[in-house]
Amino acid sequence: MILNTELEYKGNLFPSKIISYEKNLNVLSFTTENGVILEVTVRRDSILRFRFTTTGIFENDFSYAITKYASRGYNHLEVNENEENYIITTSKLICHISKLDLRTSIFDAIDNTLICEDELGFHWEESYEHGGNIVKMSKISQPGESYYGLGDKPVDNNLKGKRFENWVTDSYAYGRDTDPIYKAIPFYTGLHDKKSYGIFFDNTFRSFFDFCQERRNITSFWAQGGEMNYYFIYGPEMSDVVVNYTDLTGKPHELPALWTLGYHQCKWSYYPESNVKEITAKFRELQIPCDAIYLDIDYMEGFRCFTWSKDHFPDPKRMVKELADDGFKTIVIIDPGIKIDMDYSVFQEGLEKDYFCKRADGPYMKGKVWPGECYFPDFTKPEVREWWSNLFKELVEDIGVKGVWNDMNEPAVMDVPGKTFPNDVRHDYEGNPCSHRKAHNVYGMQMARATYQGLKKFSYPKRPFVITRAAYSGTQRYTSSWTGDNVATWDHLNIANLQAQRMCMSGFSFIGSDIGGFAEQPNGELYARWIQLGIFHPFCRTHSSGDHGDQEPWAFGDTITNVVRKFIELRYQLLPYLYTAFWRYAEEGIPILKSLVLYDQEDSQTHYRNDEFIFGEKILACPITGPNQKGRRMYIPRGRWYNFWTDEVISGGQELWVDADLDSMPIFVKEGAIVPKYPIQQYVGEKVIDELLLDVYYKLGKENSLVYEDATDGYDYIKGRYSLRDFKLLGKKNELIIQQHKSGKFITTYKTFKLSLHGLPFKISKVQVDNEEILFKDIKLNGDNTLVLNKEFTELHIMA
Ligand code: MIG
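Note that the structure is a prediction, hence the values are computed from the model and not measured.

What follows covers the overall build of the protein chain. A tally of helices and strands in the protein chain yields 13 helices and 51 strands. Against the compact-globule benchmark of 28 Å for 800 residues, the protein chain has a radius of gyration of 27 Å, which places it among compact chains. Among the 800 residues that make up the protein chain, the fraction classed as buried is 64%. Long-range contacts, defined here as pairs at least 24 residues apart, represent 69% of the contacts in the protein chain between residues at least 6 apart. Counting only carbon and sulfur atoms, one obtains 48% of the accessible surface of the protein chain, whose full area is about 29,500 Å². Treating the 92 positive side-chain charges of the protein chain as one cloud and the 112 negative ones as another, the clouds have centres 4 Å apart.

Structure representation (structure tokens):
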């Protein structure tokens, strides 16, 4: 009889010395005496994947995060060895792997700078309770190193000195430093010696990151199960790190329709129909642009997904059509919990087809959410996603809903410890059955993906639009997102700013906050300041819980209404500029918002900045973040910038006071920029664009600007029907030259550009278009330095 019930605690275990090495094309395997295998895959010259097993065998290699469209291929790969190390060399990196214990050090292949170095390196602890290992990694933090990324963490940009957890969690009224919250994006960027690299720890179990908190010079990450499986991504530019991470985990599968970049109005809840109509009518009456109106959970019958309340919305199809006729797209919420109700067809079908999640011993996973007791589809099973996607047929195809908003998909469960499923719940995980410990962080992602598949199918030939609250790395391929249940306080305006920037540097640019705050009520000033920030976020929506009063642009009196209108109008004017930034994101993975460190990492002043950010490529914005302010100090990054309101030119690389009364905010435009603008519209498509305004900011020297346009919706752009204008500006003392290179087959509705020349240092006396002098009367040159000319030019000379 065995009497000893004490477990043998072995503590941390480590790889021992390498006894064999094998190379299979770009996959290098190193096996140690104690049975650890390290597999290094050279994905690109700048991307190495490190994967460890302690059992002599790897599990099936499957990841929800990595996209099949990721680029692969490298220019150079060489493996050598000396007494201590194996040495892997690509054209960008040199990686040493210690023969003694598998520890790695990575160097820049060009100048040999040490970039990233293991401390203990890979180690593990056996998990008696669940089996498998707690997998761990520790690295030495280099002198002066800073850290960025990790998705939606509500903290200052630089993560140094802090520890974080990744476990997707419903976090009503979270605050600064609350952790974890809604998203799990286990990707960070390190920056030292003006060089930047990234680490993506592709492990969906509950994971942790410590940036020099526990020990001053050590950064570590670990997970409660699964494999030590991470990608090392080298820059040295931080923007390249983010671009490569985004390439690996995916760019949006299509551009969003232009209207999704307009202003959206939401509340929990607008109902019944008459209330919805009142709100939309008020937007038009007050001439405040708005493209989308939201229905929260009360539009349903007893919170049953895919149903409508007969009392509140007797004829949804008619209503949705009437709203559409007035330019409003209707967006509805869909949660994962399916009400246990034998008379409810969605429930019946899910039950019959065995689509609901079950506990380890067989019973269904039963949990309480809005509809009462529910079962939950297992979205990690492809067949279930297919079924779910088809449930949208009526909503989208027949009723005409234009977007779906997935909430509670962490998954959130009420009145239970942990606020989610218990750990033992089983999931299919794409044919790799596992417990909730492994599937939790991807559950919401897979729900949003299934919703996306439905929207894509039934919106066709238009583009789909989905919003999700929960996310794991890669979710950006399918959907946009918001930052969850924030609060109407000034600090939350700061948090929203940080979260949007952080999501953008974590590969997920289609992000915004509940403008004004979800919980509690803002005063007019806070709301106006938040709108000013919100118009620079890729997703721009006011939302509130509605318990604390109204939160529409007109809810705070005329002064505020006018400020709000002014900034939403600016958003609409800047739509072609934002759309171009989105196109660059979808095409190349370039984040739409750039924190100053991402914009100029060589300037160490940027490493701890939080408030200022670059919107697109050329606009610098900074919100006012407190009450009663008439301006603020802010850091202007290096280069020369035009004050957006006054055209005053200032030199960056310094902190400055900038005036900004309530009807203004600090906005600057990079010199040399050409910023495209549309006329103000009440909704996208209200007007036929008959002239493109180009704001041209003179610079002594060169600058490039892009303008991307297409049909604003649909898929023709994929077949080449887009219009891309590449402008090259060259400013001289007595001359301004603009060259235009046009590509794509889309023909824009307008025939002319209206150029507005800012900061021109001379009086115009001659204008030449494609080598021919043009008479002033033919170009409509005005005294205020605006000129109207045909959009087809390739070279324009404006001369003194
Ligand atoms: O338990 O649907 O974050 O945006 O309005 C609250 C009601 C559920 C949480 C979402 C919020 C939404 C609300 N939901």
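We are not done yet, so read on.
What follows is about the state of the cysteines. Applying the stated criterion to the full structure yields zero disulfides. Note on Cys266: no disulfide assigned, nearest cysteine sulfur contributed by Cys290 at a separation of 10 Å. Free of any disulfide, Cys374 has its nearest neighbouring cysteine sulfur in Cys305, separated by 7.8 Å.

As a further point, take the site of the ligand. Looking at the ligand, there are 13 residues lining it, with Asp296, Asp407, Arg469, Asp485 and His543 nearest. Arg469 places a polar side-chain atom, nitrogen or oxygen, 2.8 Å from an oxygen atom of the ligand. Note that an oxygen atom of the ligand is positioned 2.8 Å from one of the side-chain N or O atoms of His543. Residues that form the shell around the ligand fall into these classes: eight nonpolar, one polar and four charged.

Okay, the pattern of salt bridges next. Overall, the coordinates contain 64 salt bridges when judged by the stated rule. Residue Arg469 pairs with Glu410 through a salt bridge whose shortest N-O separation is 2.8 Å. Taken together, the residues Arg469 in the loop between strand E28 (466–468) and strand E29 (471–472) and Glu410 in the loop between strand E25 (403–406) and strand E26 (426–427) connect sequence positions 59 residues apart. As far as burial versus exposure is concerned, Arg469 and Glu410 are alike and both buried. Each of Glu39, Arg49, Arg51, Asp61 and Glu227 takes part in one network of salt bridges that share partners.

This part is about the UniProt feature "domain: Glycosyl hydrolase family 31 C-terminal" (unreviewed entry) in the protein chain. Within the UniProt annotation, "domain: Glycosyl hydrolase family 31 C-terminal" (unreviewed entry) is assigned to residues 589–675. End C-alpha atoms of residues 589–675 are separated by 21 Å, and the span's content is 5% helix alongside 39% strand.

As a further point, take the environment of Glu129. Position of Glu129 among the secondary structure elements: in the loop between strand E9 (114–126) and strand E10 (133–140). The spatial distance from the C-alpha of Glu129 to the C-alpha of Val404 is 40 Å, given a sequence separation of 275 residues.

The strand order across the open sheet formed by six strands is E34-E35-E36-E41-E38-E39, and the pairing between neighbours is antiparallel. In this open sheet, the two strands that pair with only one neighbour each are strand E34 (593–595) and strand E39 (649–651). If you compare each strand with its neighbour and ignore which way they point, the axes differ by 35 degrees on average.

Counted residue by residue, helix H9 (residues 524–534) has 11 buried out of 11 residues, so it is predominantly covered. Within the sequence span of H9, burial applies to Gly524, Glu525, Leu526, Tyr527, Ala528, Arg529, Trp530, Ile531, Gln532, Leu533 and Gly534. Residues of H9 that are buried sit in contact with strand E19 (263–265), helix H8 (490–504), strand E32 (514–515), strand E33 (540–542), helix H10 (558–573) and strand E35 (613–615).

This paragraph deals with the UniProt feature "domain: DUF5110" (unreviewed entry) in the protein chain. Here the UniProt-annotated "domain: DUF5110" (unreviewed entry) positions come out as residues 691–759. Within residues 691–759, the helical portion is 0% and the strand portion 58%, while the C-alpha atoms at the span's ends are 22 Å from each other.

We now examine the nonpolar core. Core analysis: the largest hydrophobic core is formed by 179 residues, its most contacted members being Trp308, Ile334, Trp388, Phe392 and Phe536. Trp308 has contacts with Leu295, Tyr299, Met300, Glu301, Phe313, Pro316, Met319, Val332, Leu395, Ile399 and Val401, leaving out every residue within four places of it along the chain. Grouped together as the second largest cluster of nonpolar side chains are 43 residues, Leu28, Leu150, Phe205 and Met228 included.

Most of strand E7 (residues 93–98) sits inside the fold, with five of its six residues counted as buried. Where strand E6 (residues 85–90) hands over to E7, the hairpin turn is made up of two residues, counted between the paired strands. Sheet topology places E7 next to strand E8 (residues 104–108); five bridges connect them, and they run antiparallel. By the bridge assignment for E8, Ile97 is matched with Thr104. Where E7 hands over to E8, the hairpin turn is made up of five residues, of which Leu102 adopts a positive phi near 70 degrees.

As a further point, take the sheet that holds strand E51 (residues 795–799). Taking strand neighbours across the sheet as the criterion, the six strands line up as E44-E45-E46-E51-E48-E49 in an open arrangement whose pairing is antiparallel. Each edge of the open sheet carries a strand with a single partner, namely strand E44 (701–709) and strand E49 (772–774). Between one strand axis and the next, the sheet turns by 20 degrees as a mean value, whatever way the strands run. The pairing of E44 with strand E45 (residues 723–731) spans nine bridges and is classified as antiparallel.

The residue Pro666 is located in the loop between strand E40 (654–659) and strand E41 (667–670) in this model. The spatial distance from the C-alpha of Pro666 to the C-alpha of Asp695 is 18 Å, given a sequence separation of 29 residues. If we ignore the near neighbours within four places in the chain, the residues touching Pro666 are Leu620, Ala621, Cys622, Ile624, Arg632, Met634, Val658 and Ala660.

Rules used throughout
Residues numbered from 1 in each chain as written. Predicted model: local features only at pLDDT ≥ 70, side-chain atom pairs only at ≥ 80, totals over all residues. Heavy atoms only, no water. Helix = DSSP H or I, 4+ residues; strand = E, 2+ residues; numbered from the N terminus. Rg over C-alpha atoms; globule rule 2.2 N^0.38 Å. Buried < 20%, exposed > 50% of the residue type's maximum accessible area, 1.4 Å probe, protein only. Contact = heavy atoms within 4.5 Å. Areas by Shrake-Rupley, 256 points an atom, 1.4 Å probe, with all protein chains shown as cover. Lys, Arg positive; Asp, Glu negative; His and termini not counted. Charge placed at Lys NZ, Arg CZ, Asp CG, Glu CD. Disulfide = S-S within 2.5 Å. Near = heavy atom within 4 Å. Polar contact = N/O pair within 3.5 Å; in protein donor to acceptor, adjacent residues only side chain to side chain. Nonpolar A, V, L, I, M, F, W, Y, C, P; charged D, E, K, R; others polar. Salt bridge = Lys/Arg side-chain N within 4 Å of Asp/Glu carboxyl O. UniProt positions renumbered as here; feature names shortened; annotations may be inferred. Pairing = 2+ DSSP bridges. Axes fitted to C-alpha atoms, helices over the stretch in contact; angles between N-to-C directions. Core = buried A, V, L, I, M, F, W, Y, C linked by side-chain atoms within 4.5 Å.

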